[in-house]
Amino acid sequence: MKAPRSPIHAVSTWVRRQPPKVKAFLAVVAGMSALVVLRAIVHDHDNLFVAAEAVHAIGIAVLIYKLMKEKTCAGLSLKSQELTALFLAVRLYCSFVMEYDIHTLLDLATLATTLWVIYMIRFNLKSSYMEDKDNCAIYYVAIPCAVLALLIHPSTSHHFINRIFWAFCVFLEAVSVLPQLRVMQNTKIVEPFTAHYVFALGVARFLSCAHWVLQVLDSSGHLLVALGHGLWPSMVLISEIVQTFILADFCYYYVKSVFGGQLVLRLPSGVV
């Protein structure tokens, strides 16, 4: 006699059988529902940004633990870390010359840890680095962001170069995780610490996106106007949404794996 399936397993099986359009619709409904809940329970939406930074810090802590205790960088993308360091360095420069605040210190700390991770992968743990799996060329990601930044950037009073740099780091942050997703797509099997790290990135980016969306709603769109005119305000919001949906599929399988009691995450074909 077969054991009864759990409700979570039954729902995940039903979702998996749906056509892509239905899955996309369900994802949008789930995202909107989460925003409604957050708007109701979080009165100061700046707390969402703080929560996003905290979750990101937890993800980095998990990554550091993996590198120091397990002495392996298997499953990690060096190129994603390099892209992360690049957009953080550019954002740190923009923060110094345009709006020095607490976020400057947070970015500085994150950049320092990211550079340490890059050093560990390149030198100390080079033998475990899956270079053949990390085959997403950096320029495929960085160059389109640079071109887009030249075309669409803030219309503030800052120097033209600084405005381009600002736009570049916004666009690059949205897609910097793509090489990491490529590695997971190539391996199909994601070990626990790497899965925890990427899931933390997904949650952090969702909270950051929620922070922006709810601020726009609460200001009745005035926030977008304050960011300038033209396409730039819309592109900022779109970038936040894009970086959330890029990781949505992975986060779904991560949650399913955790509730299923699986230590190693196995991704079906076509995921990420």
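Note on numbering: residues in each chain are counted from 1, in written sequence order. A pLDDT threshold of at least 70 governs which residues receive local features in this predicted model, and a stricter bar of 80 or more applies before side-chain atom pairs are shown or counted, although totals over entire chains, interfaces and linings include all residues. Values reported for side chains reflect all heavy atoms of the structure, with hydrogen atoms and water molecules removed beforehand.

Trainee: What is the right way to look at the overall build of the protein chain in this model?
Mentor: Strands are runs of DSSP state E lasting at least 2 residues, helices are runs of H or I lasting at least 4, and numbering of each runs from the N terminus. Along its length, the protein chain carries 12 helices and two strands. Start at the N end of the protein chain and walk to the C end: the helices and strands fall as α-α-α-α-α-α-α-α-β-α-α-α-α-β. Only protein chains enter the accessibility calculation, which uses a 1.4 Å probe; a residue is then buried when its area is under 20% of its type maximum, exposed when over 50%, and partly exposed in between. Out of the 272 residues in the protein chain, the part that is buried amounts to 43%. Whether two residues touch is decided by their heavy atoms; if any such pair falls within 4.5 Å, the residues are in contact. Excluding contacts between residues fewer than 6 apart, the proportion of contacts in the protein chain whose partners are at least 24 apart in sequence is 76%. What sets the accessible areas is the Shrake-Rupley method with a 1.4 Å probe; for residues, cover comes only from the shown protein chains. On the protein chain, roughly 14600 Å² of surface is accessible, and the fraction owed to carbon and sulfur atoms is 69%.

Trainee: In this structure, what is going on with the packing of helix α4 (residues 78-98) against helix α8 (residues 178-187)? I would like to understand it.
Mentor: What describes two packed helices is the angle between their axes and the distance between those same axes. In this description, a line fitted to the C-alpha atoms serves as the axis of each element, helices being fitted only across the stretch in contact, and the angle between N-to-C directions of two axes falls anywhere from 0 to 180 degrees. It is at 7 Å that the axes of α4 and α8 come closest, and there the two elements cross at 170°. Between α4 and α8, the angle falls in the class roughly antiparallel. Here Lys79, Ser80 and Leu83 of α4 lie close against α8, whose contacting residues are Leu178, Pro179 and Gln180. Residues are grouped as follows: Ala, Val, Leu, Ile, Met, Phe, Trp, Tyr, Cys and Pro are nonpolar; Asp, Glu, Lys and Arg are charged; every other residue, Gly included, is polar. Of the residues assigned to the contact of α4 with α8, the class counts are three nonpolar, two polar and one charged. Any angle between 65 and 115 degrees counts as roughly perpendicular, while under 35 counts as roughly parallel, over 145 as roughly antiparallel, and the rest as oblique.

Trainee: I'm lost on the environment of Ala85 in this one. Help?
Mentor: Here Ala85 shows up in helix α4. A residue is classified by how much of its surface remains accessible, and Ala85, at 10% relative accessible area, is buried. The sequence separation of Ala85 and Leu111 amounts to 26 residues, and the corresponding C-alpha distance is 5.8 Å. Other than its neighbours up to four places away in sequence, Ala85 contacts Leu111, Thr114, Leu115 and Ile118.

Trainee: For this particular structure, what's the right way to read the layout of surface pockets?
Mentor: The gaps left among the atoms become clear once a water-sized probe is rolled over them. Quantified by volume, the second largest pocket comes out at close to 1100 Å³. In this analysis the probe radius is 1.4 Å and the grid spacing 1 Å, with only protein atoms considered; a cavity is a set of points the probe fits into but cannot get out of, a pocket is an open set with protein on both sides within 12 Å along at least five of seven lines, and lining residues have an atom within 4 Å of a point. Lining the second largest pocket are 47 residues, and of these Phe49, Arg91, Glu173, Trp212 and Glu240 sit closest to its centre. Counting residues per element, the ones that place at least two in the lining of the second largest pocket are α3 (46-69), α4, α5 (102-124), α7 (160-175), α9 (192-218) and α11 (232-246). At nine residues, α4 tops the list of elements feeding residues into the lining of the second largest pocket. Grid points are joined across faces, edges and corners, and a volume is the space filled by probe spheres set on the points.

Trainee: What's the story with the pattern of salt bridges in this structure? I'm lost.
Mentor: It is possible for side chains of opposite charge to pair when their charged atoms get near one another. Throughout this description, the term salt bridge denotes a Lys or Arg side-chain nitrogen within 4 Å of a carboxyl oxygen of Asp or Glu. Applying the stated rule across the entire model yields four salt bridges. For Glu82, the salt bridge identified is with Arg122, shortest N-O distance 2.6 Å. Placement of the pair is Glu82 in helix α4 and Arg122 in helix α5, with a sequence separation of 40 residues. Looking at Arg122, the relative accessible area reads 41%, which means it is partly exposed. A salt bridge links Arg91 to Glu173, with the shortest nitrogen-to-oxygen separation between them at 3.1 Å. On the criterion of sequence distance, the pair formed by Arg91 in helix α4 and Glu173 in helix α7 is long-range, its members being 82 residues apart. Because the salt bridges share partners, they merge into one network encompassing Arg91, Asp107 and Glu173.

Trainee: I would appreciate a short explanation of α9 in the present structure.
Mentor: Given 3.6 residues per turn, any residue in an α-helix points the same way as the ones three and four places further on. Given a helix with a known number of residues, its expected span is that number minus one, times 1.5 Å. Over its 27 residues, α9 runs 38 Å from end to end, which matches the ideal 39 Å to within 8%, given 1.5 Å per residue. Polar contacts, as used here, are pairs of N or O atoms within 3.5 Å; protein pairs need one atom able to donate a hydrogen and one able to accept it. Residues neighboring in sequence count only if both atoms are side-chain atoms. The N-capping residue of α9, defined by a side-chain oxygen 3.1 Å from the backbone nitrogen of Phe193, is Glu191.

Trainee: Which parts of the structure should I look at to understand the packing of aromatic side chains?
Mentor: Aromatic ring pairs are reported here in terms of the distance separating the ring centres and the angle at which the planes meet. Each aromatic pair joins two rings of Phe, Tyr and Trp (for Trp, the six-membered one) with centres within 6.5 Å, and gets the label stacked for planes under 30 degrees apart, edge-to-face for over 60, and tilted for any other angle. Enumeration over the complete set of coordinates arrives at eight aromatic pairs. With a centroid separation of 5.2 Å and an interplanar angle of 45°, the aromatic rings of Tyr65 and Phe193 are classed as tilted. Of this pair, Tyr65 sits in helix α3 while Phe193 sits in helix α9; the two residues are 128 residues apart in sequence, bridging distant segments of the chain. With 5.7 Å between their ring centres and 80° between their planes, Tyr93 and Phe165 make a pair best called edge-to-face. Note that Tyr93 is positioned in helix α4 and Phe165 in helix α7, a separation of 72 residues in sequence. Residue Tyr93 is classed as partly exposed on the basis of its relative accessible area of 36%. Every member of this aromatic cluster is reached through a ring pair, and the members are Trp166, Phe171 and Trp232.

Trainee: Please explain the UniProt feature "transmembrane region" (unreviewed entry) in the protein chain as it appears in this structure.
Mentor: In the UniProt entry, the feature "transmembrane region" (unreviewed entry) is given for residues 24-42, 104-125, 137-154, 160-181, 193-214 and 234-255. Secondary structure content for residues 160-181 is 91% helix and 0% strand, while the C-alpha to C-alpha distance between its ends is 33 Å. Structurally, residues 193-214 is divided into 100% helix and 0% strand, and its ends, taken at the C-alpha atoms, are 31 Å apart. UniProt positions are given in the numbering used here, feature names are shortened, and annotations may be inferred rather than shown by experiment.

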